[in-house]
Structures are given as structure tokens and as C-alpha cells.
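Each chain is listed here by its residues.
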Amino acid sequence: MNLIRIQAIFMKDYKEFSRNYAVSTMVLLPLIMAFIYNKTGVDSMQAYFLPINLAFVAVTSFVQCCLIAEEKERNTLRSLMLSPASLLDILLGKSLLVFSITALTIMLSIFLVGYNPANWLIIATALFLSAVFYIGLGTLCALFTKTILEASVAILPIMLIFSFGPFALQLSGTYPILQIAEWLPSAQIIILAVSIEHVFTATEILAPIILILVWSIIIWFFTIILYKKRMVD
Amino acid sequence: MNSKLAITIDSFTVEGNIISPSIEMYFEKGSISGIYSDVAKLNFLASQFALNPLIHTELRNNGIYNRLTVNEYINFLKGLYSPSITNGDLLTLLEMNDKKKARLHNLSNAEKQRLRLIHCLMNDKPMQVIEEPFQNLDEHAKTIVINILGALKKLQKTVIILSNNMEDILTASDSVFRLDASGLQVVDVKEEETAALEKNEITPFRVEKIPTKRNERIILFNPPEIDYIESVEGQVSVYVSGEPYPTSLTLNELEQKLTPFGFFRCHRSYIVNLQKVREITTWTRNSYSLSLHASKAVVPLSKNKLVELKRIIGI
């Protein structure tokens, strides 16, 4: 791990990201949605969190996936791997950039949608852990995509499952199998947000946070193992 | 540590056929060596070099970040490699001072190709393998690349150029090798010069090159490169590393030209390079053939020529 290298990769990717409008305009998607939701006057927790969960997939996972896929597409990943920068440096440089973009987008979305959580600290912790999970998801996705085009297709099923998954809960009365969606990190953060609005117990808070943490650990564990395997050749 | 670096490359086989045998190479520090071969062998060689932690391999198809400017790209690479070279020096060496602020996708191919060599200037590995540094470059760009290679040489790096263009290798490198199925051969540039000098004493103003024509291009071969010459239905072909190159000279003219180089008219329609003959095979009392080292080619030998051949070789 070398801070200068991480910074170099961060700056390079920041410039590449800001000049690649196909990817960087995705940031606007959750913001526009948040704005429209605010104007149409919805105030359920489900509606508040739709732009946020959308930002996690459409911005966090998608940008991370694109940053790596584009390196493959243009054949730059190989020389990057041959440089003194280690795999950890490369992933950290990219993840830090994606994390910053995510933090900005999520904050703006929360502001635009007009959500005011009762406890900022708890919600911030959950959002931070979710960001870590979605960055891992994007990195994992990049293993299977070779171009930006493939990345934008691959992100669609992920968006369906993770961003819109919590809506399946509303149908769980008719189809009990959909109850499984409750375990998604995107559903857990809504459960958490609902419980902090009232008087809450420690388990009500800890259970969702630990669940999101477990999701993050699992996804990064798989990502790192698969990368080690793939990057050898 | 001595001044020579040894590299061993395993043999390259496809479905049991040896394409290139296992080779051992020695390279001097602060020198430029060129390896000439065909694309398949060069690709294999480059992939083998890439496995060695002491070697930096710069492949022809390595990409660059199109959306960065030249200056940003250099700064990024500096962050990766932390080299001692300054941006100014680098830009001067690349002759790109006026392109500092240009986005990489606006550069010409020749300029992009030069930018790739920055990797070689920045990393601190002792050996730099560069694939086709001169491909598709004009004369001016070639001079710049040669200057960059010179700078690498000054840094006491061992530079290896892989190319399938002999001319490029000859202009840029100190020592030249050719990789073919029989292994890595030194193409001794100096020896060739002295041989030409000696020749000049006998017949001044004559250079002994064998002109051949292939795909509308005239290729000149040094006599020692040639394996054998064959005449089929009046068409004379020169065989080099198993490849035929048609020539307009007749067998008799060639025989005259090549006899001083150890060539021998072994058959009415064949001339063979005796240096490359490995084996004389007797089939029956009246039929013989010569097997060559390099290619697996077999050349017929007439019965009446056998006596003369025995006399030349001294059996």
C-alpha cells in the first residue's frame, strides 16, 4: 500500500470519470428522482429511500464497475498491474473515488428528497456500510464485464434486485416467497430508518447494521478471492 | 553481480511441434539487442519475458488513457513509478513540449506510440523488452524513438527490441539475434562487414546479396542466411528458414556467385548451402539426399556430384 500511488490512481480516475459523460451523467439519475419525489409530495420511508438505493446501484456499483471495465476495454489494466502499484493500491484508489462520489450523491439525494432522519449518526453508519457493500458489488461485477457497454447491461439486473427489491415486500402478502427480499441490504436500511423514527431498542438498530456489515464482508471476501484467481494470469 | 544477464526461455510447442526450442540468452547491461522473428514466436517470447520479475515488457497493444492530457498522463505515471526524471526532460526527450495540454485521443498514432515508452523510462527494472517500437513510424518519429532507446541505454538498462522487421532492428540495436525453429542465432553484423570487405578485395564494387522478389518487394539476402536454392520448371526459389523467395537469377548465375560462400551445386536443379547440411543419406546405390539443420528440408544429391562433394568436405 502506497499513498502516492493511490492518490495518482484516484486523480487519474477522477479526470477520466468527469470527462466520460456516458458514466458521469448517471449521477443525475437519483438526484432527478429525489427532486421529483419531493415535488410530488411523497413522504413514506419507502419513497425516501428509493433515490438513495438507486444511487447506490446506479452510481456506486455502476461507476466502480465502469472504471475497471474500461481499463480492460482499452488494455490499460495490464500495464497498471505490471507497474509497482499493487492490486490493493489500484482497488483502493478507485474505491476511494467512487466512495467520494457516492457520499456526495447520497447527501444531495437526502437533501433533495427532503428526508430528515431522527438520528443522523445511526443512518450515516448504515449508509457508510452500504456504500462499502455496493463498491464491492461493482468490483465483483467488473470481473465479468470487459467493456463499459457490458457493464451498463450487467448493472440492470442488479438495479432490479437491490434498488427495487424492497418493493417486493409489499407483494409478500400474496406471494410469501417474496418475504426473502427483507434480507437485502437495501430493505434492511429502510427497516432501520423506520425504527429510529420511534422509540427503539438496541437490537432493532444493531440487527440491520450487522446484516449490512455481513453483506459487505461476504461480497469483499468473494471479490478478493476471485480477483486473486483471475489476476494471476 | 556481473555485467551480463542470463534469461532462459522454455520451448514453445503447439500440438507437439516445436515452434521454438528452449533458449538461453545473455544480454549485456546498457546495451540494445534486437530479436527478429515471426509474430507467433515474438508473442510467445513476450509472454515469457512478462513472467520474469526483472523484466518490464512493453507490448504493442498496451493501451493509454484517452481522456487525460499528456501532462496529466505523465503525472499519473510519475505517481505510480516515482521516477527521478522531470516532466520537462521527459517532454523534451519525447519532443512533445507543444503537446503538453493535448488530450491523448487527439494525438497521432506515432505520438501515442512514443508515450508508451514513458513506462520504460520510468520503471526501475534492469531489463526492458519493447515490442515493435518502430512499427508504422515515419523517419522523424523513428529518430525520436532511437533517442529514447539511447536514453535507456545511458541509464544502464538492458533493452531488448522484438520485431519482425529486420531493418528496424539493425538500425537501432547493438547486437541482433534471429529466433527460428533451431534456436536463437546471432546475426553477426560485424562479421558480415568484414566478409564483404574481403570480397571487395577480389571483386571491387560488388556486394554479394541475393535479390529475391516477394509480394512486389525486393528482398536482399546475405548468402549465409540461405538454406538452399531450388529450380522448379524454370522458376528459381531461394529458401530461407523454410520459406521460398522467388528470384530472377538463374541457377548457373547463382552457382557462380555463391560458390565462394560454401555453396554447392548438388543437383541439376539444386544449390545447397554446405554450412547447413547435417546429414548425407544414402537411399540406394544411385540415390542420395542431404538433410539440412535449420529446416527439415531434404535436398537431392546426384550420384555424379557425390564424388565432388566428398572431395570438398574431405571424406
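Nothing here was measured: the structure is a model prediction, and the numbers come from that model.

Draft legend 1. Inspection of the overall build of chain A at higher detail. Within chain A one finds 11 helices and 0 strands. Taking 233 residues into account, the globule formula puts the C-alpha radius of gyration at 17 Å, and chain A, at 18 Å, falls close to it. Oriented by its inertia axes, the alpha-carbon framework of chain A measures out at about 55 × 35 × 35 Å. The proportion of buried residues among the 233 residues of chain A is 51%. A sequence separation of at least 24 residues applies to 80% of the contacts in chain A between residues at least 6 apart. Taken as a whole, chain A presents about 11,000 Å² of accessible surface, with 75% of it coming from carbon and sulfur. Of the side-chain charges in chain A, 13 are positive and 12 negative, and the distance between the mean point of each set is 11 Å.

Draft legend 2. Region of interest: the environment of Phe134 of chain B. Residues and elements named next belong to chain B. Looking at where Phe134 falls in the secondary structure, it is placed in the loop between strand E7 (127-131) and helix H5 (139-154). Accessibility expressed as a relative area gives 3% for Phe134, which makes it buried. Excluding its chain neighbours within four sequence positions, the residues that come into contact with Phe134 are Gln113, Lys142, Val145, Ile146, Leu149, Ile161, Asp168 and Ala172.

Draft legend 3. Representation of the packing of aromatic side chains. Per the counting criterion, the structure on display carries 15 aromatic pairs over all chains. Taking 5.4 Å as the distance between ring centres and 75° as the angle between the ring planes, the aromatic pair formed by Phe99 of chain A and Phe128 of chain A counts as edge-to-face. Of the two residues, Phe99 of chain A is situated in helix H6 (residues 87-113) and Phe128 of chain A in helix H7 (residues 120-143); the sequence distance between them amounts to 29 residues. A relative accessible area of 25% places Phe99 of chain A in the partly exposed class. Between the aromatic rings of Tyr65 of chain B and Phe76 of chain B, the centroid separation amounts to 5.4 Å while the plane-to-plane angle is 90°, which identifies the pairing as edge-to-face.

Conventions and cut-offs
Residues numbered from 1 in each chain as written. Chains lettered and ligands numbered in written order. Predicted model: local features only at pLDDT ≥ 70, side-chain atom pairs only at ≥ 80, totals over all residues. Heavy atoms only, no water. Helix = DSSP H or I, 4+ residues; strand = E, 2+ residues; numbered from the N terminus. Rg over C-alpha atoms; globule rule 2.2 N^0.38 Å. Buried < 20%, exposed > 50% of the residue type's maximum accessible area, 1.4 Å probe, protein only. Contact = heavy atoms within 4.5 Å. Areas by Shrake-Rupley, 256 points an atom, 1.4 Å probe, with all protein chains shown as cover. Lys, Arg positive; Asp, Glu negative; His and termini not counted. Charge placed at Lys NZ, Arg CZ, Asp CG, Glu CD. Phe/Tyr/Trp six-rings, centres within 6.5 Å; stacked < 30°, edge-to-face > 60°.

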